[in-house]
Amino acid sequence: MARALSVIGDRWTLLILRDCFRGARRFERFQESLGVTRHVLVDRLRKLEAAGVLERVQYQERPPRHEYRLTDRGLDLQPVLMSLVGWADAHLPLADGPPLVYEFRDSGEPVEPVLSDARSGRRITPRNIRARMRRTDAV
């Protein structure tokens with residue numbers, strides 16, 4: 001948990017990632033959407049780039065302009081963000097309903113994410129799993 005939080009564990013970073021999944025790529029769009037200071041945004045984008053979550057790609061030569069694209073590592077964060085949104089919708093609901101709805105691109109059907117085991121297909125809940133420390137051989 002601590003390793004993951006060292007990369008994505010603050011509000012601005014999560015909101016930048018949210019915007020990336022909504023199609024934002026350029027600094028100005030992030031700043032406009034988030035209302036974050038330039039200094040904080042630069043810091044978080046650099047941190048995400050250094051962690052391999054975003055890549056900075058030049059899209060214009062004169063003057064040089066760059067955009068930020070999710071890497072495969074970044075794309076793998078989508079289920080994490082969807083889980084956070086689901087938790088907020090369930091436990092911190094808004095009076096007029098959720099502001100964001102996930103749906104399948106091809107059919108428009110709503111998506112209801114669940115966490116399941118890849119091998120067995122079983123749904124994972126706090127009541128049917130446990131965490132334990134891996135055993136290591138003492139030297």
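Residues numbered from 1 in each chain as written. Predicted model: local features only at pLDDT ≥ 70, side-chain atom pairs only at ≥ 80, totals over all residues. Heavy atoms only, no water.

Asks: Just checking my understanding: could you explain the pattern of salt bridges for this structure?
Replies: Opposite charge on two side chains permits pairing when their charged atoms draw close. Scanning the entire structure with this criterion turns up 6 salt bridges. A salt bridge links Arg69 to Glu67; its shortest N-O distance comes to 2.7 Å. Taking relative accessible area as the criterion, Arg69 reaches 30% and is therefore assigned partly exposed. Through salt bridges with shared partners, one network takes in Arg25, Arg26, Glu67 and Arg69. (Salt bridge = Lys/Arg side-chain N within 4 Å of Asp/Glu carboxyl O. Buried < 20%, exposed > 50% of the residue type's maximum accessible area, 1.4 Å probe, protein only.)

Asks: Please explain the packing of helix α3 (residues 27–34) against helix α4 (residues 38–50) as it appears in this structure.
Replies: Each packed pair of helices is defined by two parameters, the angle between the axes and the distance between the axes. Running from N to C, α3 and α4 point in directions that differ by 120°, and their axes come no closer than 11 Å. In terms of orientation, α3 and α4 fall into the oblique class. Crossing of α3 against α4: the hand is right-handed. Only Arg38, Leu41, Val42 and Leu45 of α4 make contact with α3, whose side of the interface consists of Phe27, Phe30 and Gln31. Taken together, the residues that form the contact of α3 with α4 break down as 5 nonpolar, 1 polar and 1 charged. (Axes fitted to C-alpha atoms, helices over the stretch in contact; angles between N-to-C directions. Helix = DSSP H or I, 4+ residues; strand = E, 2+ residues; numbered from the N terminus. Parallel < 35°, antiparallel > 145°, perpendicular 65-115°, else oblique. Left-handed = near helix turned anticlockwise from the far one by under 90°. Contact = heavy atoms within 4.5 Å. Nonpolar A, V, L, I, M, F, W, Y, C, P; charged D, E, K, R; others polar.)

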